[in-house]
Amino acid sequence: MRSLLLPLFLVLAFHRGEAAVSCSAVVGDLYPCLSYVVQGGSVPANCCNGIRTLNSQAQTPVDRQGVCRCIKNAIGGVSFSSNNLNNAQSLPAKCGVNLPYSISPSTNCDSIN
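Note that the coordinates shown come from a computational prediction; the quantities given were computed from them, not determined experimentally.

Re the packing of helix 2 (residues 23–30) against helix 5 (residues 61–76)
- Running from N to C, helix 2 and helix 5 point in directions that differ by 65°, and their axes come no closer than 9 Å. Remark: the crossing between helix 2 and helix 5 carries right-handed chirality. On helix 5, the residues touching C23, V26 and L30 of helix 2 are V67, C70 and I71.

If you want it as structure tokens, here you go:
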């Protein structure tokens, strides 16, 4: 699983979105979360720092939609278990961050304000 996610993150790192927050920034900020998403356990502090950074940088609807699309593309391009998805979805709450969307392949990023 980890071997599938790393190449995807690297591809996304070179893709720039329309929003002020680039996909490479999203990947860089969320990369420390990969171990928790794959294995569970405790959430690394640098993962929570990345989530907080992304949340503070995504100030406009366009920014939030761009971050959502980057995350959605990352999780939509690989096979994952329901446990991996549950771990990803639990990250914001475990880090004390209130995101205006769910980390899920079914999230409609266009509806985020």
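So much for the structure itself; the text now carries on.
Notes on the pattern of salt bridges
- Going through the model one piece at a time under the given rule, you end up with one salt bridge.
- One salt bridge connects R69 with D110, and the closest N-O pair in it is separated by 2.3 Å. Of this pair, R69 sits in helix 5 while D110 is found in the segment after helix 6 (82–94), placing the two residues 41 residues apart along the sequence.
- By relative accessible area, R69 is classed as partly exposed at 34%.

A few points about empty space enclosed by the protein
- In this structure the tally under the stated criterion is three cavities of 30 Å³ or more.
- Considering only enclosed or pocket space, the second largest cavity measures out at about 90 Å³ in volume.
- Together, L30, I51, L54, N55, A58, R64, V67, I71, L99, Y101 and I103 line the second largest cavity.
- Breaking the lining of the second largest cavity down by element, the ones donating at least two residues are helix 4 (45–57) and helix 5.
- Broken down by class, the residue content of the lining of the second largest cavity amounts to nine nonpolar, one polar and one charged.

Quick notes on the rules
Residues numbered from 1 in each chain as written. Predicted model: local features only at pLDDT ≥ 70, side-chain atom pairs only at ≥ 80, totals over all residues. Heavy atoms only, no water. Axes fitted to C-alpha atoms, helices over the stretch in contact; angles between N-to-C directions. Helix = DSSP H or I, 4+ residues; strand = E, 2+ residues; numbered from the N terminus. Left-handed = near helix turned anticlockwise from the far one by under 90°. Contact = heavy atoms within 4.5 Å. Salt bridge = Lys/Arg side-chain N within 4 Å of Asp/Glu carboxyl O. Buried < 20%, exposed > 50% of the residue type's maximum accessible area, 1.4 Å probe, protein only. 1 Å grid on protein atoms, 1.4 Å probe; cavity = no way out; pocket = protein on both sides within 12 Å on 5 of 7 lines; lining within 4 Å. Points joined across faces, edges and corners; volume = space filled by probe spheres on them. Nonpolar A, V, L, I, M, F, W, Y, C, P; charged D, E, K, R; others polar.

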